[in-house]
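Chain by chain, the residues:
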Amino acid sequence: MNVTLRQLRVFIEVARLQSFSRAGDEIGLTQSAVSRCVRELEIELGLKLVDRTTREVRLTDAGANLLGGVSRLLSDLDQALREIREIGEQRRGRVIVAASPTIACRLMPRVVARCQQQFPYIQLGLRDDVQSDVVRKVKSGEVDFGVIVGGLVADELVGEPLMTDSFCVVCPANHRLAAGSQVQWGALAGESLVLLGPESGSRPIIDRVLREHGVVSPVVQELGHSATVFGLVEAGVGISVLPWLSLPLPANSGLVARALLPRAQRTVELVRRRDRSLSPAAQAVWELVRTLPARAEDLT
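Computed from a predicted structure; not experimentally measured.

A. Representation of the side chain of Ser202 within the structure. Within the element layout of this structure, Ser202 appears in the loop between strand S8 (193–196) and helix H8 (203–212). Look past the residues within four positions of Ser202 in its chain and what remains in contact with it is Thr102, Val149, Phe167, Leu196, Pro243 and Arg266.

Written out as structure tokens, the structure reads:
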């Protein structure tokens with residue numbers, strides 16, 4: 001059987017409008033072309049579908065039965081085609097993004113909120129993992145792309161700088177380092193430090209800058225999330241060095257953050273697999289992340 005979608009759509013319009021000429025006007029065909037489509041459909045099915053007189057067009061019983069079934073099928077087909085088109089227009093799909101904790105806590109919530117506003121049919125899932133796990137998940141394809149601390153060298157991945165961030169010291173408000181608005185790195189010497197663990201993308205930078213300034217301080221705790229760091233600092237276990245993106249500090253915690261000078265900088269990057277194109281939905285979210293300010297200090 002060689003029935004075409006065009007024949008079926010023409011037949012539905014004829015049945016709806018009860019006129020060959022009006023159906024032709026509606027779908028942009030001549031009356032003779034409409035008549036030919038209906039006649040070809042009747043020949044293919046071996047049934048008369050339309051009774052036509054000089055004054056009216058009526059469906060036969062076979063035509064009425066066909067109209068009911070085909071209308072539902074074409075409605076389902078049109079819905080499926082609309083959904084495919086929406087995917088192509090970056091408006092529908094599921095996207096999973098992984099981000100390092102100090103990035104996820106401040107940057108990504110605003111990305112999720114903007115995505116809900118601009119792309120309501122994109123389901124954006126967020127994974128906050130230590131940097132090594134973010135990289136692993138991007139490489140394995142578990143997530144569409146990642147947001148990490150820059151400096152990573154990996155042949156399988158391609159990165160794009162997003163913004164820069166610097167570091168601060170976090171300590172109780174009554175600590176000696178809280179007296180001014182800025183603290184020199186050298187002033188950390190001898191202080192007990194509560195730091196992010198080695199898996200963090202920021203930790204290698206912090207260690208390097210401490211060495212450069214000759215700071216010798218015991219690291220008493222190493223953690224994966226800044227929220228736990230805040231709790232230990234508040235409890236008096238030690239002070240911490242964190243990127244500004246890990247703030248704000250917990251409300252009523254009694255903690256303060258002071259800028260560390262000279263300014264040490266880290267780069268935040270978008271990373272994805274080199275050998276895999278992003279889906280239209282994932283590309284839309286990637287572009288959305290790219291609209292963030294170029295400096296963490298400019299976030300509002």
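Don't stop here, the text continues.
B. Quick peek at empty space enclosed by the protein. According to the stated counting rule, one finds 1 cavity of 30 Å³ or more in the structure shown. Roughly 60 Å³ of internal volume is contained in the largest cavity. As for the largest cavity, its lining consists of Ser100, Pro101, Thr102, Val130, Gln131, Val149, Leu196, Ser200, Gly201, Ser202 and Gly224. A per-class count over the lining of the largest cavity returns 4 nonpolar, 7 polar and no charged. If you count residues domain by domain, the lining of the largest cavity takes at least three from each of domain 2 (93–162 + 267–298) and domain 3 (165–265).

C. Region of the structure containing helix H3 (residues 31–45). Helix length check: H3 (15 residues) gives 21 Å between terminal C-alpha atoms against 21 Å at 1.5 Å per residue, within 8%. One or two residues past the end of H3 sits Gly46, with phi positive at roughly 75°.

D. Inspection of the environment of Leu292 at higher detail. Mapping Leu292 onto the fold places it in the segment after helix H10 (280–290). Taking the relative accessible area as the measure of exposure, Leu292 reaches 5% and is therefore buried. A C-alpha to C-alpha distance of 11 Å links Leu292 and Val268, two positions 24 residues apart in sequence. Once residues within four sequence positions are removed from consideration, Leu292 is found in contact with Leu107, Arg110, Val111, Arg114, Leu162 and Met163.

E. The packing of helix H6 (residues 107–118) against H10, seen in detail. It is the contact of H6 with H10, at a shortest axis distance of 10 Å, that shows an interaxial angle of 125°. Judged on the interaxial angle alone, H10 and H6 are oblique. Judged by the twist between their axes, the crossing of H6 over H10 is right-handed. From H6, Val111, Arg114, Cys115 and Gln118 reach across to H10, where they touch Val285, Leu288 and Val289. Considered class by class, the residues forming the contact of H6 with H10 number 5 nonpolar, 1 polar and 1 charged.

Rules of the game
- Residues numbered from 1 in each chain as written.
- Predicted model: local features only at pLDDT ≥ 70, side-chain atom pairs only at ≥ 80, totals over all residues.
- Heavy atoms only, no water.
- Helix = DSSP H or I, 4+ residues; strand = E, 2+ residues; numbered from the N terminus.
- Contact = heavy atoms within 4.5 Å.
- 1 Å grid on protein atoms, 1.4 Å probe; cavity = no way out; pocket = protein on both sides within 12 Å on 5 of 7 lines; lining within 4 Å.
- Points joined across faces, edges and corners; volume = space filled by probe spheres on them.
- Nonpolar A, V, L, I, M, F, W, Y, C, P; charged D, E, K, R; others polar.
- Domains from an automatic or database assignment.
- Expected span 1.5 Å × (residues − 1).
- Buried < 20%, exposed > 50% of the residue type's maximum accessible area, 1.4 Å probe, protein only.
- Axes fitted to C-alpha atoms, helices over the stretch in contact; angles between N-to-C directions.
- Parallel < 35°, antiparallel > 145°, perpendicular 65-115°, else oblique.
- Left-handed = near helix turned anticlockwise from the far one by under 90°.

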